[in-house]
Amino acid sequence: AQTHWRCLVVDEAHRLKNGDSKFNRELGAFHFDHMLLLTGTPLQNNHEELYTLIHFLEPRAFPSPEQWTHDFGDLSNKQQVDKLTRTLRPYFLRRMKADVEKSVPPKEETVVQVELTTVQKQWYRAIYERNLEFLSSAAGGSHAPSLMNIVMELRKCCNHPFLIDGAEGHIVASRGVSDPLVYAAGKMVLLHKLLPKLKKGGHKVLIFSQMVRVLNLLEDYLRWMAYPYERIDGCIQGNDRQAAIDRFSKPDSDRFVFLLCTRAGGVGINLTAADTVIIYDSDWN
């Protein structure tokens, strides 16, 4: 016979928000007296996801999505939200970081407006104006960037012109910029000035980017500067990811920078050893 558990504790419980998921079905087959769902990820303003979680927690009190809709509607007005809040209050315990961790200093955020370099302005204008003659000749014809998504190509240009198809070879060959990995992009110039000061001050740094190709460029730069680093993106497996986190976080670690892709996801990432975060390209979402 299957084990009857006294209590079931589900970490990263937002994974249960899909009622048809394998994880949801497998946990639903367990026998237990009590359940605790733990999550630090807010729901994305989707009452169907909220219903799936609360139904999993208390199926007798919330038996069907039709009854949920009848009781709370589409949560489009304050009265419906207030009613739902009163109903769910006995089921929720919200832990605030400030209540449990007094040693964390207040967050200080600085937004730095970075000027485009001359090279970036040249490519930005060519993309914006759809200057196919320049793009084709500079990129070597068949390697010209696609202009199907102008906004994405402009974002690449603002991050680093090497991200544009065919641009790296042209920029390096033109010899118009010394050390083009750094001086072809305004953000890299700023990073090149900032990181030595942070290193000298004994700081540990996280650098986030949405683009894996940006991480590749940053990795080239860190190797060139001989800065010890770790990296996580969507291709890193669980064991390797945890090993990288452990190497960065241990008290005697020499790792100075941790590169992360904002879409890497993952469970249990804890990088509190760092005291400085640099968001190389902020998320539009």
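Up top is the structure.
Residues numbered from 1 in each chain as written. Predicted model: local features only at pLDDT ≥ 70, side-chain atom pairs only at ≥ 80, totals over all residues. Heavy atoms only, no water.

*Asks:* Run through the overall build of the chain, naming residues and quoting values.
*Replies:* Counting its secondary structure elements, the chain contains 13 helices and six strands. The globule rule puts the C-alpha radius of gyration for 285 residues at 19 Å, and the 25 Å found for the chain is more than 25% above it. The principal-axis extent of the C-alpha atoms belonging to the chain is close to 70 × 50 × 40 Å. Buried positions account for 36% of the 285 residues belonging to the chain. Looking at the chain alone, contacts between residues at least 24 apart form 66% of all its contacts between residues at least 6 apart. Taken as a whole, the chain presents about 18,500 Å² of accessible surface, with 52% of it coming from carbon and sulfur. Charged side chains in the chain number 35 positive and 34 negative. The centres of these two groups are separated by 3 Å. (Helix = DSSP H or I, 4+ residues; strand = E, 2+ residues; numbered from the N terminus. Rg over C-alpha atoms; globule rule 2.2 N^0.38 Å. Buried < 20%, exposed > 50% of the residue type's maximum accessible area, 1.4 Å probe, protein only. Contact = heavy atoms within 4.5 Å. Areas by Shrake-Rupley, 256 points an atom, 1.4 Å probe, with all protein chains shown as cover. Lys, Arg positive; Asp, Glu negative; His and termini not counted. Charge placed at Lys NZ, Arg CZ, Asp CG, Glu CD.)

*Asks:* Give a detailed account of helix α8 (residues 150–159), specifying residues and quantitative values.
*Replies:* Judged by how many residues are buried, α8 sits mostly within the fold: seven of 10 residues are covered. Looking only at α8, the buried set comprises I150, E153, L154, R155, K156, C157 and N159. The elements touched by buried residues of α8 are α6 (118–128), α11 (186–200) and α12 (212–225).

*Asks:* For the packing of aromatic side chains, give the residues involved together with the corresponding values.
*Replies:* Tallying each qualifying case throughout the model produces eight aromatic pairs. Here the aromatic rings of F248 and F258 are separated by 5.2 Å at their centres, their planes lie at 85°, and the arrangement is edge-to-face. With a gap of 10 residues between them, F248 in helix α13 (residues 238–249) and F258 in strand β5 (residues 257–261) connect regions that are remote in the sequence. What makes F248 buried here is its relative accessible area of 0%. (Phe/Tyr/Trp six-rings, centres within 6.5 Å; stacked < 30°, edge-to-face > 60°.)

These figures come from the coordinates and say nothing about function on their own.
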